[in-house]
Amino acid sequence: MSSFADREGVAADLVVETDDGLQCTACAHRCTLSPGQAGICDVRRNVDGELRLLTYGQVFDRPTGPPGTADPIEKKPLYHFHPTTRVLSFGGVSCNFACEFCQNNHISFAGPEDLELRDVSPEEAVESAATQDCAGVAWTYNEPTIYAEYVRDGARLAKEAGRYTAIVTNGYFTEEFVEEVGPYLDAANVDVKGFRDRPHVKHMGAKLQPTLDGAKLADEAGIHVELTYLTIPDLNDDAEEIREFAEWARDKLNPSVPVHFTRFHPDHEMRDRPATPVETLERAAAIARDEGLEFVYVGNMSGHEDNATRCPDCGAVWIRRHGFRASVAVDLDGACACGRPIDVVV
Ligand code: SF4
Ligand SMILES: [Zn+2]
């Protein structure tokens, strides 16, 4: 475990020099930092004229035992990517957003000096995946973009060891991030938290468009993308807003991008409204299907029938899910009985 005093970090690679200072190019905030200044994310800092990632290899984890948490891949959620496998998951502290409803606020709103963190090198992370019988490694729980160089190094080693890699992200990354890290990433679940810019800035502390651009960049780079739309009552659940989101997903990504409408629970600073009614999620899913999206799920609702993957052409069930347990009903390498190729990465 290490304290802030130990945290010299490593020199960041995602940086350019400008007349005004060092500009971090990991995320779309593109913070320009003079000596001593930290970025919005707090974990990248200009230290004596060099941009340093202070939390390289420092994760929020139990202090002993093999590092990382073995999760079902379905929990990310990634439903069309190596179903039924376990993925070793890591996260650190802080974020480049400030979502009032954050369900991981104990880490995302913590700075690098606030919590004890565990030192886990990329090598140890990948070794732990083997020890814990995990098919892949994921960077999740807090925003991985802000510790891009750690993700890159771990993902590269994981790929060399024959494991898949994934991130769960707000998508607020840059072209430079995708160039640097993308070659080692297999999958990304991108959280789109609404489709209107003003509430996005007000309640999340960041603009909407870079997230949309990030999802598209990842898709174009050949990374398997799934979208999560956290559906919040009276914030982003308007039918027209959902329709525009679905149109964007269909036209700018593709009609077969999996979309998860997930349930909001009151948390952190947003406790003024109830959990999302199931009817709202079902209505959002119906709108998305109506707009031509082929794989639409209702998330955070164990046992809901919209957790199953069905053939968009004939309705045959490909994968059943209950909670995070999945059972595959077809040969995922083959085609559906109706002839449609199965849109699942294995
Ligand atoms: S990752 Fe984003 S928030 Fe953090 S320093 Fe870089 S540009 Fe700023
Ligand atoms: Zn079919």
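Residues numbered from 1 in each chain as written. Chains lettered and ligands numbered in written order. Predicted model: local features only at pLDDT ≥ 70, side-chain atom pairs only at ≥ 80, totals over all residues.

## A look at the sheet that holds strand E4 (residues 32-33)
Piece 1. The 3 strands lie next to each other as E2-E3-E4, forming an open sheet whose pairing is antiparallel. Pairing within the sheet leaves two strands with one partner each, and these edge strands are strand E2 (15-18) and E4.
Piece 2. Looking at chain direction, E2 and strand E3 (residues 21-24) are connected through 4 bridges and run antiparallel. Residue pairing for E3: Val 16 is matched across the bridge by Gln 23. (Pairing = 2+ DSSP bridges. Helix = DSSP H or I, 4+ residues; strand = E, 2+ residues; numbered from the N terminus.)

## Observations regarding unusual backbone geometry
Piece 1. The omega torsion of the bond from Lys 76 to Pro 77 falls at -5 degrees, within 30 degrees of zero and hence cis.
Piece 2. Tracing the chain through its elements places Pro 77 in the loop between strand E8 (69-72) and strand E9 (86-90).

## Some thoughts on the domain arrangement of the protein chain
Piece 1. When its domains are assigned, the protein chain resolves into domain 1 (4-53) and domain 2 (62-328).
Piece 2. Taking only C-alpha atoms into account, the centre of domain 1 sits 26 Å from that of domain 2.
Piece 3. The interface is formed by 17 residues belonging to domain 1 together with 19 residues belonging to domain 2.
Piece 4. The residue inventory of the side of domain 1 that touches domain 2, partitioned by class, reads 11 nonpolar, 2 polar and 4 charged. (Domains from an automatic or database assignment. Contact = placed C-beta atoms within 7 Å. Nonpolar A, V, L, I, M, F, W, Y, C, P; charged D, E, K, R; others polar.)

## Thoughts on helix H2 (residues 122-131)
Piece 1. All of the buried residues in H2 are Pro 122, Ala 125, Val 126, Ser 128 and Ala 129. Angular distribution of buried residues about the axis of H2 spans 155 degrees; they occupy a single face of the element.
Piece 2. Against E9, strand E11 (136-139) and helix H3 (148-160) lie the buried residues of H2.
Piece 3. Where H2 terminates, the next one or two residues include Asp 133, which has phi positive at roughly 55 degrees. (Buried ≥ 20, exposed ≤ 12 C-beta atoms within 10 Å, placed from the backbone. Arc of directions from axis to C-beta.)

## Focus: the nonpolar core
Piece 1. Grouped together as the largest cluster of nonpolar side chains are 91 residues, with contacts concentrated most on Cys 24, Ala 188, Val 225, Leu 227, Val 259 and Ala 288.
Piece 2. Counting the residues that make up this core, at least three belong to each of domain 1 (4-53) and domain 2 (62-328).
Piece 3. Non-local contacts of Ala 288, meaning those with residues more than four positions away in its chain, are made with Ile 242, Ala 246, Val 259, Leu 293 and Val 296. (Core = buried A, V, L, I, M, F, W, Y, C linked by C-beta atoms within 7 Å.)

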